[in-house]
Amino acid sequence: MAEVAAVYTTKPLHRTPESIMSRNDNSNVRPLRVPPRNKRVWASVERSAATVIEEAFLEALERDPTQSRQWVVLVDGHPHQLKQIYRVMKKLNINATVVMDFIHVLEYLWKAAWCLFEKDDPEVEDWIEKRATEILRGNASQVAKGLGISATKRKLKQREGINKCIGYLLKNKSRLEYGKALEQGFPIASGVIEGACRHLINDRLDITGARWSLEGAEAILKLRSLRSCGDIEKYWEYHKKQSKQRLYRCG
C-alpha cells in the first residue's frame, strides 16, 4: 500500500457550521479558500508509513523551524497512521492540531442514517444536516449519545451502522473539535491529499491490467511526485550529472 503525504501553506478561512451544511442557503456567494501555496506531494510503496510521515514533518520544519505558524495535520482516522503521526510529533517536538477529515465523518453519519430511514425517505437529508451541523459546532459526543438513545428507543435490531458511527465519534472526539477549527480558519477536509492520491497513484498505477514490481512502482511514484512539485527539470539535470560521474569517473 502506498503512503502519500502533502505539505502546503494556506491562509485561514473563517466559516460557520451553517455555511458548510445548510441546504436552504440560496446565495450564490461562497467564501473560497485561497489556493494552497508551496505545495509539495510525494508517495512511496517501499518506505514505511512512519518514514513518509516523518519526511512530511521534516519538510514542514525546513519551512518553519521555529514553528511560528499554526500547524494543522489533516488525517482520515486510520489507527496505525494516527499512532505514527503522534509518535513522530513527540520525537520531533512538534506542536500541531490534528483534525479529522470531515468527509469521513459524513460517511459514518450516512451509515447510521440507513439504520433509521428507508432508502427513499426524503427526511434523511434533513437528519444528516442537523447532526452534521452539531458535529461542526464541536458537539460530536452529544450526537453520539443521541444516536445511541434513538436506536435503543426504537429497539433496532440492525444497528451496526449506528454502533460504528458512535464508536468513531467517541474515539476521535479530540480530533473532531470543528467549532474551534472553523473559528481559527483551519481546513477540515483533506482535498489536497485526496487529489494527490488520485493523481500520483490511481491515474498511473491503478490502470486496468497493470502489474508492477515494487521497484518499478516506486520509481514511477518518484517521477510523478517530482513532476507534480515542479522539480522534474532540476532533478533531470542532477540525474544526468550523476550518471556522467558514475560512467566516466575514471576518465
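An account of the accompanying structure is given in this report. No experiment lies behind these values; they were computed from the predicted model shown. Per-chain numbering applies: the sequence of each chain, read as written, is numbered from 1 onward. Restriction of local features to residues with pLDDT of at least 70 applies here, the model being predicted, together with a cutoff of 80 or more for giving and counting side-chain atom pairs; totals for whole chains, interfaces and linings are based on all residues. Only hydrogens and water are set aside; all other atoms, that is, all heavy atoms of the structure, feed into the side-chain values.

Digging into the overall build of the protein chain
And step 1. Helical segments are the DSSP runs of H or I of at least four residues, strand segments are the runs of E of at least two, and each set is numbered from the N terminus. Scanning the protein chain for helices and strands turns up eleven helices and four strands.
And step 2. In terms of its C-alpha atoms, the protein chain occupies a principal-axis envelope of roughly 85 × 45 × 40 Å.
And step 3. Accessibility here uses a 1.4 Å probe with only protein chains present; expressed as a share of the type maximum, an area under 20% marks a residue as buried, one over 50% as exposed, and anything in between as partly exposed. Split into buried and exposed, the 251 residues of the protein chain put 39% on the buried side.
And step 4. Looking at the protein chain alone, contacts between residues at least 24 apart form 74% of all its contacts between residues at least 6 apart.
And step 5. What sets the accessible areas is the Shrake-Rupley method with a 1.4 Å probe; for residues, cover comes only from the shown protein chains. As displayed, the protein chain offers around 16,000 Å² of accessible surface, 52% of which is attributable to carbon and sulfur atoms. By definition, residues are in contact when any of their heavy atoms lie within 4.5 Å.

Describing the pattern of salt bridges
And step 1. Whenever a carboxyl oxygen of Asp or Glu lies within 4 Å of a side-chain nitrogen of Lys or Arg, that contact is scored as a salt bridge. In this structure the tally under the stated criterion is twelve salt bridges.
And step 2. A salt bridge links Arg40 to Glu59; the shortest N-O distance between them is 3.9 Å. Here the residue Arg40 occupies a position in strand β2 (residues 37–44), and Glu59 occupies one in helix α2 (residues 49–63), the gap between them amounting to 19 residues.
And step 3. One salt bridge connects Glu134 with Arg137, and the closest N-O pair in it is separated by 2.4 Å.
And step 4. What makes Glu134 partly exposed here is its relative accessible area of 26%.

Some points on the layout of surface pockets
And step 1. By volume, the largest pocket is sized at about 1,300 Å³.
And step 2. Along the walls of the largest pocket sit 42 residues, with Ala6, Tyr8, Val72, Val73 and Leu74 positioned nearest its centre.
And step 3. Mapped onto the lining of the largest pocket, the elements with two or more residues apiece are β1 (3–9), α2, β3 (72–75), α3 (79–92) and α9 (191–205).
And step 4. Put simply, Ala, Val, Leu, Ile, Met, Phe, Trp, Tyr, Cys and Pro go in the nonpolar bin, Asp, Glu, Lys and Arg in the charged bin, and everything else, Gly too, in the polar bin. Within the lining of the largest pocket, the residues separate by chemical class into 25 nonpolar, nine polar and eight charged. As defined here, a cavity is a set of points on a 1 Å grid over the protein atoms alone where a 1.4 Å probe fits but cannot get out. A pocket is an open set with protein on both sides within 12 Å along at least five of seven lines, and residues line them when an atom is within 4 Å of a point. Grid points are joined across faces, edges and corners, and a volume is the space filled by probe spheres set on the points.

Let's talk about the pairing of β1
And step 1. Among the seven residues that make up β1, five are buried, leaving the element largely enclosed by the rest of the structure.
And step 2. Strands qualify as paired when DSSP identifies two bridges or more between them. Pairing geometry for β1 and β2, over six bridges, is antiparallel. Residue pairing for β2: Thr9 is matched across the bridge by Arg37.

A word on the side chain of Asp231
And step 1. Position of Asp231 among the secondary structure elements: in the loop between α10 (214–228) and α11 (232–248).
And step 2. Every residue in contact with Asp231, bar those within four places of it in the chain, is listed here: Arg40 and Leu226.

Quick look at the nonpolar core
And step 1. Counting residues in each nonpolar core, the largest one holds 54 residues, and the members touching the most others are Phe57, Phe102, Trp127, Leu169 and Tyr178.
And step 2. Filtering out sequence-adjacent residues up to four positions away, Trp127 remains in contact with Leu109, Ala112, Ala113, Leu116, Phe117 and Leu147.
And step 3. Counting eleven residues, the second-largest nonpolar core is a separate cluster that includes Ala196, Ile201, Leu205 and Cys229. Nonpolar cores were defined as sets of buried Ala, Val, Leu, Ile, Met, Phe, Trp, Tyr and Cys residues, with membership established by side-chain atoms within 4.5 Å.

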